[in-house]
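# Observations on the three-dimensional arrangement
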Amino acid sequence: MTIEVKSVPSITVSYARNGNSTRANALGMRPMQERAYEKRGEQYLLIKSPPASGKSRALMFIALDKLQNQGLKQAIIVVPEKAIGASFHDEPLSKFGFWADWRVDPKWNLCNAPGDDNGGKVKSVGAFLESGDKVLVCTHATFRFAVDKYGVGKFDDRLIAVDEFHHVSANPDNKLGGLLGQFISRNRVHIVAMTGSYFRGDAEAVLAPQDEANFDSVTYTYYEQLNGYEYLKQLDIGYFFYSGSYVDDILKVLKPAEKTIIHIPNVNSRESTKDKIREVEHIIGALGEWQGIDPATGFQLVKTPDGRVLRIADLVDDDPARRDGVSAALKDGAQKNNRDYVDLIIALGMAKEGFDWIWCEHALTVGYRSSLTEIVQIIGRATRDAPGKTRARFTNLIAEPDASEEAVTEAVNDTLKAIAASLLMEQVLAPRFEFKPKHQESGPSVGFDYGEGGYNRNKCNVGFNEQTGHFQIEIKGLAEPQSKEATRICQEDLNEVIAAFVQDKTALERGLFDEELVPEELTHVRLGKIIKDKYPELNDEDHEAVRQHAIAALNLTQQAKQLGTAGGDDAEQTANTALVDGVRRFAMDVRELDIDLIDRINPFGEAYAILAKTMGEDSLKQVAAAIAAKRTSLTPEEAKELAVRAFRFKKERGRLPSLTSQDAWERRMAEGAAAFVRYKDEGRYE
């Protein structure tokens, strides 16, 4: 028996559609590409920009300049999988105003070459290095094997461009990350790194801090990208729960009239029926009556009850010849602008990063994917701009827990991961925050709109620059970063800090289900520890500044989501104002916007409200019970952190925190300090 899927989107974001992000300058560059090109002289450049913002073409402009004007011999473009190599095919850039065209000799695009990565393709890299030709495209794997064979020095005086850079990791086991560290240490190549999601789902650092410090970065936000589109004005993101088999319930979230990519579950996941071919057959059967296969493309033809014939691309088929034929048909450049060419794509491991289908309106993913990065990449499939496409959505369909303890544990993990992805995407899709301490001498900044009545010197102000998509928010008592690195983190990397925090299982479990939670245990202690672990090179003052900026960004977004005015039929009129209005309303509703107030907000409170609407009541109770059953008392590490906070409290107030205080956070610090002394006496810190 199945229950109706409850479809409550956790986020709906509206944008202004001002056309800026798709408008080209005299050289044929869109704004992100122009921003990147301005830094073309940097030896190490990191481009952080969403899917569909034009990173591949930005690289073409930069590479051509490095080859022509900066004395580099060759450019080697490294992509994670063969399909993405198509992004670097020839482009007539001069047709749009640039001074040269992009050209890759077919024999040097090794993504199109037969054979495996560690065979003839490695020899081809060697031949290229000895040739006078300028550009080679290959996979990450081919590049790794080639460096192993020829040595790091063989690549001197060349540009190495790494696409989908989040595949790199500072972990010693990550071969590509290790090789890049060697290249940086030798300091004889230029590196351009590009990514649409500069955080890894496993919370592993992408680069070691000493290597990352060499990179100059160009950041182009999701907000700038989507706000600057011409057609797409609204993006919905939601996680929905079902019981029984997903194939029985899928039509409750799948609309046949929408252009959709369905990613069916991994065969090892809880949601899988363990028979992927039958799952595809079931989905096709649920949509309508099978009419055969289009001989030209291999697409399945299915007639719906209303008489429409859907063209369905099946990328799950186990027959390599059939699957490759369908895949090739999807890459047909002549059909790129043909909206009616295909209606539905069903995939398992394909059609994710680098897959370009501008008409996709709905990315429907069954089962939790392996990482936040993968979710961001899948969402990127639906965020392309296309004529007539005004709304796009991402749906994560997840199985509710059943009665067995093992399944409940797995379901809890999947639920927490889905919420983490949702929370992170809220930050990624929002305008950027610039926090300023409120002082007596504070004043307005040029280009910022401070709302009705303008800037008020007697209160904390919220300014917004629509052109740049930046918030400027004044907060009383806010700590300012002291070092250059801490300043960079507060300006550029708050989403990376938040990604680590929302992926922390302990923080999420307690924030969602611990009724006795004192929020500061998360906002101070747990987040503080995460930041110390993530940035060990910073001092205590900078750790605290980063912590305050990160929790302010997360909590203000959550409060704004609750208070925002956009939605429903008014979305067009209030496009681009919901978050701005929500932050302003929150700042006005409180007596004073200070950091202590922000620290007293449970950052996961709004996520629980969504979860309660989305999941069945019995299942929600099961999840809460499963988490409560494993709750433990203070760990020595937590006690130590609370003792540090208690010491700060004494310095500020002239007394130790009291166990009988009316303030819950003061009581918790006192408990932590007492536990710290007890653990120390027991020798647990030796």
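Just so you know, these numbers come straight off a predicted model, no measurement behind them.

## Side note on the side chain of Glu-520
- Within the secondary structure layout, Glu-520 lies in helix α16 (residues 520–534).
- No salt bridge forms around the buried Glu-520; measuring N to O, its nearest opposite-charge neighbour Arg-600 is 5.0 Å away.
- Excluding its chain neighbours within four sequence positions, the residues that come into contact with Glu-520 are Val-525, Asp-599, Arg-600 and Trp-665.

## Describing unusual backbone geometry
- Although it is not a glycine, Asn-187 sits at a positive phi angle of roughly 65°.
- Here Asn-187 is to be found in the loop between α5 (175–186) and β6 (190–195).
- In this structure Asn-187 comes out as partly exposed when scored by relative accessible area, which is 42%.
- A positive phi angle, near 75°, is found at Lys-274, a position not held by glycine.
- Looking at the element boundaries, Lys-274 is found in the loop between β9 (260–263) and α9 (276–287).
- Lys-274 sits in the exposed class, given a relative accessible area of 53%.

## Details of the sheet that holds strand β2 (residues 44–48)
- The strand order across the open sheet built from six strands is β4-β3-β5-β6-β2-β7, with neighbouring strands paired in parallel fashion. The open sheet has two free edges, formed respectively by β4 (135–139) and β7 (216–219), since each of these has just one partner strand. Direction aside, the axes of adjacent strands within the sheet are offset by 15° on average.
- Direction of pairing for β2 relative to β7: parallel, over a ladder of four bridges. Pairing of Ile-47 across the sheet is with Val-218, part of β7.
- Contacts from helix α2 (residues 55–69) reach β2, β3 (75–79), β4, β5 (159–162) and β6, with the element oriented near 170° to β6.

## Quick notes on the nonpolar core
- Within the largest apolar cluster, 106 residues are counted, with the highest numbers of intra-cluster contacts made by Phe-435 and Ile-473.
- Of all the elements, helix α12 (residues 405–429) adds the most residues to this core, at twelve residues.

## Brief notes about the sheet that holds strand β17 (residues 462–465)
- Sheet architecture is open: three strands sit in the order β16-β18-β17, paired in mixed fashion. With partners counted over all chains shown, the strands left at the sheet margins are β16 (432–437) and β17, one partner each. Direction aside, the axes of adjacent strands within the sheet are offset by 20° on average.
- Taken together, the six bridges between β16 and strand β18 (residues 470–475) define a ladder with parallel strand orientation. Within the sheet, the bridge partner assigned to Glu-434 lies in β18 and is Gln-472.

Basis of the calculations
- Residues numbered from 1 in each chain as written.
- Predicted model: local features only at pLDDT ≥ 70, side-chain atom pairs only at ≥ 80, totals over all residues.
- Heavy atoms only, no water.
- Helix = DSSP H or I, 4+ residues; strand = E, 2+ residues; numbered from the N terminus.
- Buried < 20%, exposed > 50% of the residue type's maximum accessible area, 1.4 Å probe, protein only.
- Lys, Arg positive; Asp, Glu negative; His and termini not counted.
- Salt bridge = Lys/Arg side-chain N within 4 Å of Asp/Glu carboxyl O.
- Contact = heavy atoms within 4.5 Å.
- Pairing = 2+ DSSP bridges.
- Axes fitted to C-alpha atoms, helices over the stretch in contact; angles between N-to-C directions.
- Core = buried A, V, L, I, M, F, W, Y, C linked by side-chain atoms within 4.5 Å.

Purely spatial values, then, with no claim about function.
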